[in-house]
Amino acid sequence: MVLAVAVPFAGAILIALLHRFPNLRETATVATAALLFVLVVILMTDFRPDDWPVVELFEIFPGVAVGLAVEPLGMTFAVLASALWVVTSIYSIGYMRANREDHQTRYYACVSLSLGATIGIAFAADLLTLFIFYEVLTLATYPLVTHAGTRAAQLGGRTYLGLLLGTSIGLLLLAIIITWFEAGTLWFAVGGIFGDSPPAMAGVLLVLFLFGIGKAALMPFHRWLPAAMVAPAPVSALLHAVAVVTAGVFTVLKVSVYVFGTELVSELWSDRWLLWVAAATIVIASLIALRQDDLKRRLAYSTVSQLSYIVVGALLANRAGIIGGGMHMATHAVGKITLFFCAGSIYTAARLTNVSEMRGLARRMPVTMAAFMVGSLSVIGLPPMAGVWSKLYLVTGSIEAGEFGLLAFLLVGSLLSAGYLLPVAVQAYLPTTGANAAQDTGIREGPVACLVALVLTALACLALFVFPDALYTMIARIAVSP
Amino acid sequence: MIGAHLPALQVVVPLIAAPLCVLSRRPLAAWTVALIAAWLSLGIAIWLLTQVLDANAPISYALGGWAAPWGIEYRVDAANALVLLIVTAVGAVVVPYALVSTSHEIAPERHHLFYAALMLCLAGLLGIAITGDAFNAFVFLEISSLSSYVLISLGPSRAALTAAFRYLILGTIGATFILIGVGLLYMVTGTLNMADLTYRLAGRGENRTVIVAFAFLTVGITLKLALFPLHLWLPNAYARAPSAVSAFLAATATKVAVYLLLRFVFGIFIAAYALDELPLTAILMPLALIAVFTGSLVAIFQDDVRRMLAYSSVAQVGYIVLGIGFATHTGLTASLIHLFNHAAMKGALFLAMGNVFLRLGSVNLDALAGLGRTMPLTVAAFTLAGLSLIGVPATVGFVSKWYLVVAALERGWWPVAALIVVSSLLAVVYIGRVIEVAYFRPPPERSAPVEAPLSMVVPTWILAGACVYFGLDTSLTIGVASRAATVLLGLAP
Amino acid sequence: MEFLGHYNYWIAITLAMIGFYTVIARGNMVKKIIGLNIFQASVFLLYISMGKIEGGTAPIIADGANVYSNPLPHVLILTAIVVGVATTALGLALVVRIREAYGTIEEDEIQALDEPT
């Protein structure tokens, strides 16, 4: 376990050292990613549902220790992140080389650091460890977001850092300290750590936590996500479709299951109120996404919307809801990363960023647009893609909780996501006539490495539809009260 | 045999080093004397700290063999052992740094005088920390203050002279207030020994003289500590002094003043008033909160980075006093932890700025453009210490903030806890400004600064590394601070 | 009436206020130092008058004298006077240097000269 966290950090140092040898450096990246994946798989095969391995590392304050533990949700997250890192490394090589980007060493090293932090979050045994790695993740991704070094990148970076640090220090830290003060411990426990006597402030505490976890992009603290789109596509893909935002919703799920306990969550007054905030986020973000012409910004708002689905699952606090949230964490990740890979591929090959210019692109870039179609279907939640299962569980969860208004919002959200994703995919297949034609001279498919990566993730969307059991059983192991 | 006299040697070693520095005319010779004295003092402080922690009882040393309470007594317990460690550690790091930085900022014929003054200042600060006699504290306070006026006036521009003069006027007023306070206490009790004062003031809280003495002492000490609104001398003094001096003073002078406040208020006056009756909270807390916010806000708008750091110090002193204002064990522990942590953070930040000044000749924000590329080590150290100031976990700043918030929660003051956390966000802004300029703006074409020499980079990194190390391994800081708080509150010897 | 009996305190307070006022209200740096001196002198008077015991003689052991004034305040004030002298000397030295650097010792003029810095 400790090794799993340490490997990416060591990898980062190695990558930095190999600055002068691009090929070796790229090999180091892929090798580190592969090594991490192997380690995580080993952990997974050893994983027993009743006996979670725990490692206590050292104490920072008396009574507050830093430690690692493996539990089902974290296991899922770790497998997801490490597997997708391997794929993204391949993609990055293609993207970076084709675009001849500067500072590639810095890029690979920071990605490695970010992954280390992500695994740290996944395997955190208590709130403090999680918080430490959460902050490291924010700091490690900042150089990635501002990679281009332009004024726009700098401003985007400011929004990113400002919002994320602001919510985490201003709200989340306060929530953590209050939790420690009230419960006497920060160690995650099944059924919550408040025991039988929840503090009077639990309702407010829930609000602090939910808004403090800025990476979950709950409105109004969502602005950092579109602002971070100034980053290069592989960054957006891995970090903002998978690692950073998934870390956010992962934390939300963990807090509601292991800090509050699902019973407590459903009893709090603020639960309903927050549920509506999340539902509003789903719809509002989708509406904004409809109006975006820049493809990456559209995808960003789509992510904001999809994240709130998971938050809804966590807040519903029943078995179906939690399972739906956990599964959606995985299915959304796979679907969204496909979409971002496609966006990057389109940018690299055709230098296009606006949707309005992408008419008829499928002729020139058949593989990319096919993958885009697959990813879109998954995110919308239509068969035969993986998104179906997670949406199904979320719907079941809301019916069980009797929240029919919420159900309406979920369905409207899905409709809207069809509205902003399908046209992009469909119009690419339309014949190129009229003023909206893409410049068709000289556009070829994206770089090979990119294509390999996005085909892999698209296949994963399909695969998870056909074989959802592994994912389901893993997540269902979270001992949740029915 | 020497071991028995170590408390006295703690002060005597730097004190004797001062005239030796004056006598050795050449800069290098003077520096060597200062270096040996500083490192010896550090060794003595470490030894004293281990002694106190092992024995779990204070070390008492009668100066000149005259027994207390008529003679002057040096008394080392957990509280001042911590302060001794902080001061000597900072001194031991700054003196090697000063070799190169002063050669750039001060005329060569004055170097030996500079080191002499630095040694006197060190002796004075150590004396305040170690003494157990109230008047002796005043004397050492004046020794350290006078030498710091001299040190500040040696700054590179003529504005350093006015800064030193202003500090002189305000500092002397503060010291005289302390003198009045001590005199009034003597009038009531007939003794100057701190332990004896505690004994004799028991139950005398209603005596008007005692109340007035308390008031004068508090005002005088808060002037030295630069608590809002008595902080006006600090920004100019820190911004215009030589770099090594700013680092040294920022990391030590206010800390020792805080210690003095703690010693008087909690060590002595606690006997006269019960903890709850201390009129402290009502006064110190609002002032501390205002200090935190105004200091941080003004810092955001500064273009001179050292002035920005000086205003940031005003804010950080606010945090320390806030901990005192809570008047609980956790609150005092938080203050003492922040004493240590702020010394490390601010020391590192000012030393980093000294590196910049050496290579660029300016510490204006615009001059720092692109420095992340040309002086990577310095800027990295600045970033690390800056992150600690913000309170990112795994750094010392986080530890302080945590304890402060817990102390606020213990008292049930939720709004204060929220304010503490919100004010950290202000630090993000002013540190962020520097980092953005250093990493994002391209360096100007003509100048090509090189990284500062090793003798300056290493001390900077020692302090910056301490920010991270003590953020993870807090056994030393929290352990000693907690013990010190217990001692100060009179709960244990 | 205790009022007249405490005349030493009244003198000390008056002097202190005069000194304090001078420091704050006067812009000339030498005058500030003078004010500081007056302020410190008032504190010295406070201490020494505190130590006087009615009917006491100078605290030097002599035959035939039984009651002595308290020597401790004398000692303390000697120290404090030395500190005051050092402070004044340092202050005046600074004033000389400021005069050389700025050409004036009026605080408002110096601030005006420093503003563009």
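Residues numbered from 1 in each chain as written. Chains lettered and ligands numbered in written order. Predicted model: local features only at pLDDT ≥ 70, side-chain atom pairs only at ≥ 80, totals over all residues. Heavy atoms only, no water.

K.L.:
Describe the overall build of chain A, with residues and values.
P.N.:
Scanning chain A for helices and strands turns up 18 helices and 2 strands. Across the 482 residues of chain A, 64% fall into the buried class. Put simply, of all contacts in chain A between residues at least 6 apart along the chain, 82% involve residues at least 24 apart. (Helix = DSSP H or I, 4+ residues; strand = E, 2+ residues; numbered from the N terminus. Buried < 20%, exposed > 50% of the residue type's maximum accessible area, 1.4 Å probe, protein only. Contact = heavy atoms within 4.5 Å.)

K.L.:
Explain the pattern of salt bridges to me, using residue names and the numbers behind them.
P.N.:
Residues and elements named next belong to chain B. Applying the stated criterion across every chain, the model contains 6 salt bridges over all chains. Two residues, Asp77 and Arg263, come together in a salt bridge whose shortest N-O distance is 3.0 Å. Of the two residues, Asp77 sits in the loop between strand E2 (73-76) and helix H3 (78-105) while Arg263 sits in helix H10 (residues 243-272), which places them 186 residues apart along the sequence. Looking at Asp77, the relative accessible area reads 5%, which means it is buried. (Salt bridge = Lys/Arg side-chain N within 4 Å of Asp/Glu carboxyl O.)

K.L.:
Describe the interface of chain B and chain C, with residues and values.
P.N.:
Counting residues at the interface gives 29 residues for chain B, matched by 34 residues for chain C. When chain B packs against chain C, the two sides together hide about 3,000 Å² of surface, and 80% of this comes from carbon and sulfur. The interface formed by chain B and chain C includes 0 salt bridges. Here chain B is connected to chain C by 5 residue pairs in polar contact (both at pLDDT 80 or more). At the level of elements, helix H5 (134-153) and helix H6 (159-189) of chain B are the ones that each hand at least two residues to the side of chain B that touches chain C. In terms of residues, the side of chain B that touches chain C owes the most to one element, H6(B), which gives 17 residues. When its residues are assigned to classes, the side of chain B that touches chain C shows 20 nonpolar, 5 polar and 4 charged. (Buried area = accessible area lost by both parts, 1.4 Å probe. Polar contact = N/O pair within 3.5 Å; in protein donor to acceptor, adjacent residues only side chain to side chain. Nonpolar A, V, L, I, M, F, W, Y, C, P; charged D, E, K, R; others polar.)

K.L.:
Explain the interface of chain B and chain A to me, and be specific about the residues and the numbers.
P.N.:
Taken together, the 26 residues of chain B in the interface contact 29 residues of chain A. When the two sides are added together, the surface that chain B and chain A hide from each other amounts to roughly 2,600 Å², 83% of it contributed by carbon and sulfur. The largest contributions to the chain B side of the interface with chain A come from Trp402(B), Glu436(B) and Phe440(B), which together make up 27% of the buried area. The tally of links between chain B and chain A comes to 1 salt bridge. A salt bridge links Arg158(A) to Glu436(B), with the nearest nitrogen and oxygen atoms 2.6 Å apart. For the pair chain B and chain A, the number of links is 1 residue pair in polar contact (both at pLDDT 80 or more). Going through the elements one at a time, helix H15 (376-390), helix H16 (396-411), helix H17 (414-440) and helix H18 (454-472) of chain B are the ones with two or more residues in the side of chain B that touches chain A. Of all the elements, H17(B) adds the most residues to the side of chain B that touches chain A, at 9 residues.

K.L.:
How would you explain the environment of Arg298(A) if you had to name every residue and give the values?
P.N.:
Secondary-structure assignment places Arg298(A) in helix H12 (residues 295-316). Leave out the neighbours within four places in its chain, and Arg298(A) touches Ala289(A), Leu290(A), Gln292(A), Val355(A), Tyr420(A) and Val424(A).

K.L.:
I'd like a description of the packing of aromatic side chains, backed by residues and values.
P.N.:
Residues and elements named next belong to chain B. Enumeration according to the criterion identifies 20 aromatic pairs over all chains in this entry. For the pair Phe135 and Phe138, a centre-to-centre distance of 5.6 Å together with 45° between the ring planes defines the contact as tilted. With a gap of 3 residues between them, Phe135 and Phe138 both fall in helix H5, about one helical turn apart. For the residue pair Phe135 and Phe138, the accessibility class agrees, reading buried in each case. An aromatic cluster of three or more residues is present, and its members are Tyr149, Tyr167, Trp233, Tyr238 and Phe350. Of note, Arg306 hangs over the ring of Phe357, and the distance from its end group to the ring centre comes to 5.8 Å. (Phe/Tyr/Trp six-rings, centres within 6.5 Å; stacked < 30°, edge-to-face > 60°. Lys NZ or Arg CZ within 6 Å of the ring centre and 35° of its normal.)

K.L.:
Explain the nonpolar core to me, and be specific about the residues and the numbers.
P.N.:
Within the largest apolar cluster, 404 residues are counted, with the highest numbers of intra-cluster contacts made by Phe260(A), Phe266(B) and Trp402(B). At 21 residues, the largest contribution of residues to this core is made by H10(B). (Core = buried A, V, L, I, M, F, W, Y, C linked by side-chain atoms within 4.5 Å.)

K.L.:
Could you give an account of H5(B), with specific residues and numbers?
P.N.:
Residues and elements named next belong to chain B. An ideal rise of 1.5 Å per residue puts 28 Å on 20 residues; H5 measures up with 29 Å between its terminal C-alpha atoms. Within H5, 18 of the 20 residues are buried, which leaves the element mostly enclosed by the surrounding structure. Here H5 starts with a cap whose side-chain oxygen sits 3.0 Å from the backbone nitrogen of Phe135, and that cap is Asp133. (Expected span 1.5 Å × (residues − 1).)

K.L.:
An account of the environment of Arg166(B) is requested, with residue identities and associated values reported.
P.N.:
Residue and element names in this part refer to chain B. Considering the arrangement of structural elements, one finds Arg166 in helix H6. According to the relative accessible area criterion, Arg166 is partly exposed, its value standing at 32%. When the C-alpha positions of Arg166 and Leu463 are compared, they lie 30 Å apart, and in sequence the two are 297 residues distant.

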